Amino acid sequence: MTNRNSPFFLALPLALFFASGGAALIYETVWVRELGRVFGNTSMSVALVTGLFVAGLGLGSFLAGRLKIFRRIIDFRGLWRAYAACELAIAIGAAAALFAQSGWLQTLPSHTASYEMGRDGLFLLSRGSILSQLVLIAALILPSTLCMGATLPLMFRLTTLHGPRSTGWKFGLLYALNTAGGMMGCMLVDFVLIPSLGSRATQGAAISLNLLMGLVAWLVSLRPAPCLPAENVADAFDPAGPSRSPDRRRFFYGTCVVAISGFTAMGLQVVWARFLTTALGGTRGVFSLLLAVILAGMWLGSLAGGWAVKRWRTPLALCAAASVLMIGSAMAGFLWFDRTLIVTGAFTGLHNFLAPLHLGWLAEVAFILRAVIPVVGITSFWAGFTFPAAVEVSSADHGDAAQPTSVAYMVNCLGAWLGALVTGFCLLPEFGMQIAILLLSCATLVIPLSLAYSGQARSPRARVAGKCATLCLLGLTVFWLALPSQHLLLKMFDPPRRLEGYLSLSEDLVETIAVDEHPVTKDRFLLTNGHAMSGTSLGSLRYMRMFSHLPLLQLRDPRDSLVICFGVGNTLHAASLYPSLQHLDVVDTSRHVLRHAPFFSEWNHNALKDPRVRVFINDGRHHLQMKSPASYDLITLEPPPIGHAGVASLYTREFYQLAYSRLRAGGFLTQWLPALQVPESVLRSAVRAFVDVFPNAVLLHGHADNFILMGRAGQSNPFDLPLVRSNLAKLPQVRAHLDEVYLGTMTELMGSFVASAERLDISSQAFEPLVDDKPSMEYGYVSFLETRLPLDLIGPTEIGDWCKPPEIELRSPGDLVDLPAYLAIMDNYYRTMPAVSFLQTRPPHRLTIDLTQPATASAIQHSGYLQGVLHPQLQQPKPR
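Residues numbered from 1 in each chain as written. Predicted model: local features only at pLDDT ≥ 70, side-chain atom pairs only at ≥ 80, totals over all residues. Heavy atoms only, no water.

*Asks:* Outline the overall build of the protein, supporting the account with residue identities and numerical values.
*Replies:* Broken down by element type, the protein carries 35 helices and 16 strands. Burial status across the protein gives 60% buried among its 880 residues. In the protein, once contacts between residues fewer than 6 apart in sequence are set aside, the share between residues at least 24 apart is 80%. If you sum the accessible surface of the protein, you get close to 33900 Å²; carbon and sulfur atoms cover 62% of it. (Helix = DSSP H or I, 4+ residues; strand = E, 2+ residues; numbered from the N terminus. Buried < 20%, exposed > 50% of the residue type's maximum accessible area, 1.4 Å probe, protein only. Contact = heavy atoms within 4.5 Å. Areas by Shrake-Rupley, 256 points an atom, 1.4 Å probe, with all protein chains shown as cover.)

Below you can see the structure in the form of structure tokens.
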């Protein structure tokens, strides 16, 4: 027999549970993204995946703690074998899910999903589609998550075999290590594994880790059992329990505390995600570090809570105190946040210092943590602190402590799931962030209030603690009520403004939306989650109209078009000017965005009321999966900022292959390409993915750093000048629409050309294409990196590769005589485009143009675009 206090037997369960937490977070993170690509990157699919994941953990823990088949396993070898079986089952289930992702799951939406029309005339996923998604996701992830949850009671029983019995301390230690492992898994998956290995290999690594843990556990079960006193085992696992029967009221109170703390903590996480991603940007870095800080806080809090229970033996008073500190620190964190204090020159200096060491990304991490830790970290600490104290209360006087512990964990998971659903789908859309926090604090008030007045406390000290905590929470609630309306909402925007400064400011299920108006030009802007998503400035109108006009002018009688991402309706209105179009389909994930269309009716002309328009509330990629091949003549899309989480799925090679298959012969795809929003390598990978599917692609320029990739379903993509002229002659409303944004002449229209298919191919040849398995666009976004336009991507003077003579008669009198000089000026414009840095104001764009050249002067004279947009930036050459 080995010594029961051997460090090996004490440390091994803890080490395995740490690794188990890491593997679980890897699965959850990857499954949310992979299944989102299949079922749509919408709030519904995210809720289904995360909800079922959490439900599986809770149910697995409950079953392992309550079923007789598990309760009978009380010996050392039996527990280790059961744990090994669970790890093996997790690996098998995860491998099956990975196999499904690589095969039949990709084609499933076309067979199982359908639309139904809502009361407002919008097309929504049918109830049957949502039900089928629920069943399929459950079949994919529940087998693994049930076994993940089952490992908690097994590990708890193993640790109970060693040392003194203290339920709160043992549970706090296990939960802390498992959460710490989850934090490590969260950091690794976004900063190391997926960027370097890809999504499928990352899942393979997690599966290997589960297999390794199962092998270790099985090998340990073959060793001689440690020497354990019989009374220790009997005391820990005797189903009959001790002579004193458990206090059911305390058990009920403890489980209620666990449920309420889980509900409040998860509700706060939903609010934090909305608040911080609006203020800092919805990038993978922000999401990953936010979750990592939450898990780190809960890890340290759980460890501290377990120690406090063991030290002071007053779990009821600790529950009351922790509930007050959790809400108080949450309110203080929100009130502390000030974007002007976070965005300082210190981070620029830090980046400049680290950049030569190839560690510039650490500056971005420091920038995000500077904002996230004060807002999130302290509250997460107290949320984790509550859990061991509540478990100690619920398991008091119970024979087998694993049973109430498993119930407590299940109830906590249930509370967390409900907290996320209620906050995300009810409180935020109906009341907004500020009232949501108030209602969550009211829910937490139940913990000290019931302790003070329900007779739960056996000692006067606990009752006093409950009353003091109740008064403190009531004071915090009154203070929060006294804050100005939408105080938090205004803190997210940069620069902070008063509510009266916006035409509209509202919160909904998917995002926070503001409609702003320029005080001088009266241009309007749509801001979603703090980002200027769309607008009516000259530059915005120009490139958004080009999405529709340039391809449709090159088609004979197009019938069907699809606009992915409505924005303010600029692109849809441009398409509506073509009478041959029978269907104008619009896909957007947000009804909230569509409800703001009337604010821009002067520009979109109420295009949504066009009888040809059909609006689908769905993810654009999922919508295309549901359509049959050859459905559209034009697909155009302008997704949110391409560095934001989830957007890369609309820029991968697999997406372009899907879009190509949904185009009719000769149909066009136009894709927004903001060249300065991502590092150069990521930009080239995105171009490579497009060119791989559309080898005839061309790059066009809309305005500023907004470029357009245009590809055609077919062998070639020449600019059909005679057809364009013919269509413009037949459609005077289109010519007038183009003329409003300085695209009314053929020189300006064709002057948008930037690069030919050959140049795009050569400049991106050395780079791997952006693919679903490794969406580098989401992981290559670095806020502080100075992004520049790759000069070898530019070749406007090679327009002959797109539109060859004799179609262009550049030297003959006519509307193209100024085209060579126009293209030369634009070439200078692209090559002098200044670099962009997140923390620095964009420097002025200065060109050096010789205005004494007759061709140059003529091009400027005859081009409203050069006069109105470029002319203020033109400078005479310096005299020699």
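*Asks:* Describe helix α27 (residues 680-693), listing the residues and the values that go with them.
*Replies:* For α27, built from 14 residues, the straight-helix expectation of 20 Å at 1.5 Å per residue is met to within 8% by its first-to-last C-alpha distance of 21 Å. For α27, a buried count of 11 out of 14 residues is recorded, marking the element as mostly surrounded by other parts of the structure. Of all the residues in α27, the buried ones are V682, L683, R684, S685, A686, V687, R688, A689, F690, V691 and V693. (Expected span 1.5 Å × (residues − 1).)

*Asks:* Can you explain the environment of I564? Please cite residues and give values.
*Replies:* In this fold, I564 is placed in strand β7 (residues 560-564). Sequence spacing of I564 and G620 is 56 residues, and the spatial spacing of their C-alpha atoms is 5.7 Å. If we skip the residues at most four places from it in the chain, I564 touches V587, G620, L624, I635, T636, L637, E638 and F655.

*Asks:* Describe the packing of α27 against helix α31 (residues 757-764), naming the residues involved and giving the relevant values.
*Replies:* Helix-helix packing is characterised by the crossing angle of the two axes and by the distance between the axes. Interaxial distance between α27 and α31 falls to 9 Å at its minimum, and their mutual angle equals 130°. Judged by the angle between their axes, α27 and α31 are oblique. Seen from above, α27 lies across α31 with left-handed handedness. Each of R684, V687, R688 and V691 in α27 lies in contact with α31, whose residues at this interface are L760, D761, S763 and S764. (Axes fitted to C-alpha atoms, helices over the stretch in contact; angles between N-to-C directions. Parallel < 35°, antiparallel > 145°, perpendicular 65-115°, else oblique. Left-handed = near helix turned anticlockwise from the far one by under 90°.)

*Asks:* Could you give an account of the sheet that holds strand β3 (residues 504-507), with specific residues and numbers?
*Replies:* Within a sheet, each strand pairs with its neighbour through backbone hydrogen bonds, oriented either parallel or antiparallel. If you trace the 4 strands from one edge of the open sheet to the other, you get β3-β4-β5-β6, paired in antiparallel fashion. Two strands lie at the open edges of the sheet, namely β3 and β6 (531-535), each paired on one side alone. Here the strands of the sheet are splayed against their neighbours by 20° on average, with no regard to which way each runs. With 4 bridges joining them, β3 and strand β4 (residues 512-517) adopt antiparallel strand pairing. Counterpart to S504 in the pairing with β4 is V515. (Pairing = 2+ DSSP bridges.)

*Asks:* Please give an account of the packing of helix α2 (residues 43-66) against helix α16 (residues 402-431) that cites residues and values.
*Replies:* Look at α2 against α16: their axes get within 7 Å of each other, and the N-to-C directions meet at 165°. For the element pair α2 / α16, the angle class is roughly antiparallel. Every pair of crossing elements has a handedness; the one defined by α2 and α16 is left-handed. Here α2 contributes S43, A47, G51, V54, L57, G58, L59, S61, F62, G65 and R66 to the contact with α16, which in turn contributes A402, Q403, S406, V407, Y409, M410, C413, W417, L421 and F425. Looking at the contact of α2 with α16, its residues break down into 13 nonpolar, 7 polar and 1 charged. (Nonpolar A, V, L, I, M, F, W, Y, C, P; charged D, E, K, R; others polar.)

*Asks:* Just give me the short version of helix α6 (residues 127-160), but keep the residues and values in it.
*Replies:* Taking 1.5 Å per residue as the helical rise, α6 with its 34 residues ought to reach 50 Å, and the 47 Å between its terminal C-alpha atoms agrees with that figure. Within α6, the axis deviates most sharply at I141, by approximately 45°, and proline P143 lies no more than four positions further along. (Bend = angle between axes of the 7 residues up to and from the residue.)

*Asks:* Any details on the environment of K627? Residues and values, ideally.
*Replies:* Turning to its location among the elements, K627 is positioned in the loop between α25 (620-626) and β10 (632-637). Separated by 35 residues in sequence, K627 and R662 have C-alpha atoms that sit 7.3 Å apart. In contact with K627, other than residues within four places in its own chain, are D585, R614, Y632 and R662.

*Asks:* If you had to explain the side chain of H737 to someone new, which residues and values would you point to?
*Replies:* Relative to the helices and strands, H737 is located in helix α29 (residues 732-739). A polar atom in the side chain of H737 sits 2.8 Å from the side chain of H549. Leaving out residues up to four positions away in the same chain, H737 has contacts with R545, H549, H573, A574 and L577. (Polar contact = N/O pair within 3.5 Å; in protein donor to acceptor, adjacent residues only side chain to side chain.)

*Asks:* Give me the lowdown on the pairing of β6, citing residues and values where you can.
*Replies:* Relative to β6, strand β5 (residues 524-528) is paired through 4 bridges, and the arrangement is antiparallel. Bridge assignment links L526 to a residue of β6, and that residue is S534. Between β5 and the antiparallel strand that follows it, β6, lie 2 residues; N529 among them carries a positive phi value of about 50°.

*Asks:* Which residues make up the nonpolar core, and what are the values?
*Replies:* Counting 138 residues, the largest nonpolar core has Y27, W31, L35, W80, L276, L280 and V376 as its most contacted members. Ignoring anything within four residues of it in the chain, the contact list for W80 reads L12, P13, L16, M155, L158, A217, V220 and S221. The next biggest cluster of nonpolar side chains, apart from the first, holds 116 residues, and it includes A575, L584, Y632 and V734. (Core = buried A, V, L, I, M, F, W, Y, C linked by side-chain atoms within 4.5 Å.)

*Asks:* Can you lay out the packing of aromatic side chains for me, pointing to particular residues and giving the numbers?
*Replies:* This model, assessed by the stated rule, comprises 24 aromatic pairs. On the basis of an interplanar angle of 90° and a centroid distance of 5.0 Å, the ring pair of F381 and W382 is categorised as edge-to-face. Here F381 falls in the partly exposed class, since its relative accessible area comes to 24%. An angle of 80° between the planes, with centres 4.9 Å apart, marks the rings of Y656 and F690 as edge-to-face. One end of the pair, Y656, is in helix α26 (residues 653-661); the other, F690, is in helix α27, with 34 residues separating them in the sequence. Each member of the pair, Y656 together with F690, is buried. (Phe/Tyr/Trp six-rings, centres within 6.5 Å; stacked < 30°, edge-to-face > 60°.)

*Asks:* Account for the pattern of salt bridges, naming residues and giving values.
*Replies:* Summed over the entire model, instances satisfying the criterion amount to 21 salt bridges. We note a salt bridge from D560 to R664, for which the minimum N-O separation is 2.7 Å. Placement of D560 in strand β7 and of R664 in strand β11 (residues 663-674) is noted, with a sequence separation of 104 residues between them. Pair check on accessibility: D560 and R664 agree, each one buried. Salt-bridge contacts for D585 lead to R614; the nearest nitrogen and oxygen are separated by 2.8 Å. Here D585, found in strand β8 (residues 583-588), pairs with R614, found in strand β9 (residues 613-617); they are 29 residues apart in sequence, far enough to count as distant. By relative accessible area, D585 is classed as buried at 0%. Overall, the relative accessible area of 25% leaves R614 in the partly exposed class. Within the structure, one salt-bridge network assembled from shared partners comprises R653, R688, D692 and D761. (Salt bridge = Lys/Arg side-chain N within 4 Å of Asp/Glu carboxyl O.)

*Asks:* Pulling in residues and values, what's your account of the side chain of T379?
*Replies:* By secondary structure assignment, the location of T379 is in helix α15 (residues 361-394). On the accessibility criterion, T379 (1% relative accessible area) is buried. In this structure the side chain of T379 is engaged in a polar contact, spanning 3.0 Å, whose partner is the side chain of S329. Separated by 3.0 Å, the side chain of T379 and the backbone nitrogen of A330 make a polar contact.

*Asks:* Could you give an account of a nonpolar patch on the surface, with specific residues and numbers?
*Replies:* On the surface, F18, M184, L188, F191, V192, W361 and L362 cluster together to form a nonpolar patch covering roughly 570 Å² of accessible area. For the nonpolar patch, the secondary-structure elements that each account for two or more residues are α7 (167-197) and α15. At 4 residues, α7 tops the list of elements feeding residues into the nonpolar patch. Structurally, W361 is set in helix α15. Residue classification places W361 among the partly exposed residues on the basis of a relative accessible area of 42%. (Patch = residues over 30% accessible without salt bridge, like charges linked within 9 Å, V, L, I, M, F, W, Y side chains within 5 Å.)

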